[in-house]
Amino acid sequence: MEVIFALFQHRIFITLRGRRLCEDVYKGDLLSQEKTMNYYESVLNANDFFRTHRSFIVNLKELTRIEPMEKNSYVAVLRSGKKVPVSRTSYSQLKEKLGI
């Protein structure tokens, strides 16, 4: 598995696509590493990052709002305009974390 990795301060979110772990960033040098989503979830600051879905970890500083989609599904909207899925379980946990 190949991981695309960038500097923490530039990290917007991390996403898993197929068997490849990728990271979406505004800017920054990309380095290749072999890490898992569980690894990133354990090393990233839980006050700044949240796993919204089995395939996504979001930088909470980039989160602008949460929108409903279809029945019982949600997306997190980031400052960049990108939308990432939020699982039902994560939605409840995210609301609690954000105090909403």
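Residues numbered from 1 in each chain as written. Predicted model: local features only at pLDDT ≥ 70, side-chain atom pairs only at ≥ 80, totals over all residues. Heavy atoms only, no water.

Any details on the nonpolar core? Residues and values, ideally.
When a protein is soluble and globular, its nonpolar side chains tend to lie buried together. Counting 11 residues, the largest nonpolar core consists of F50, F56, V58, L60, L63, A76, L78, V84, V86, Y91 and L94. When residues of this core are traced back to their parent elements, those giving at least two are β6 (56-59), β8 (74-78), β9 (83-86) and α2 (88-98). M37, Y40, L44 and I57 belong to the second-largest nonpolar core, a separate cluster that totals 5 residues. (Core = buried A, V, L, I, M, F, W, Y, C linked by side-chain atoms within 4.5 Å. Buried < 20%, exposed > 50% of the residue type's maximum accessible area, 1.4 Å probe, protein only. Helix = DSSP H or I, 4+ residues; strand = E, 2+ residues; numbered from the N terminus.)

Residue-level account of the confidence of the model for the chain, with values.
On average, residues of the chain score 76 in pLDDT, and 66% of them reach the 70 mark or higher. Contacts of residues 1-8 to residues separated by more than four positions or lying in other chains number 39 contacts, the stretch itself having pLDDT below 50. Residue range residues 27-32 is modelled with pLDDT below 50. Its contacts to residues more than four positions away, or to other chains, number 14 contacts. (pLDDT = per-residue confidence, 0-100. Contact = heavy atoms within 4.5 Å.)

Account for α2, naming residues and giving values.
For α2, every residue scored as buried is listed here: S90, Y91 and L94. Along the axis of α2, the buried residues cluster in a sector spanning 105°; they form a single face. In α2, the exposed positions that point more than 90 degrees away from the buried face belong to R88, T89 and E96. For α2, the secondary structure elements touched by its buried residues are β5 (49-53), β7 (63-68), β8 and β9. (Arc of directions from axis to C-beta.)

Which residues make up the sheet that holds β7, and what values do they have?
In space, the 3 strands of this open sheet follow the order β7-β8-β9, with antiparallel pairing throughout. Single-partner strands in this sheet number two, and they are β7 and β9. Strand-to-strand twist across the sheet, computed as the mean angle between neighbouring axes with direction ignored, equals 30°. The sheet contact formed by β8 and β9 spans 4 bridges and is antiparallel. Looking across to β9, one finds that A76 is bridged to V84. Running at roughly 135° to β7, α2 makes contact with β7, β8 and β9 of the sheet. (Pairing = 2+ DSSP bridges. Axes fitted to C-alpha atoms, helices over the stretch in contact; angles between N-to-C directions.)

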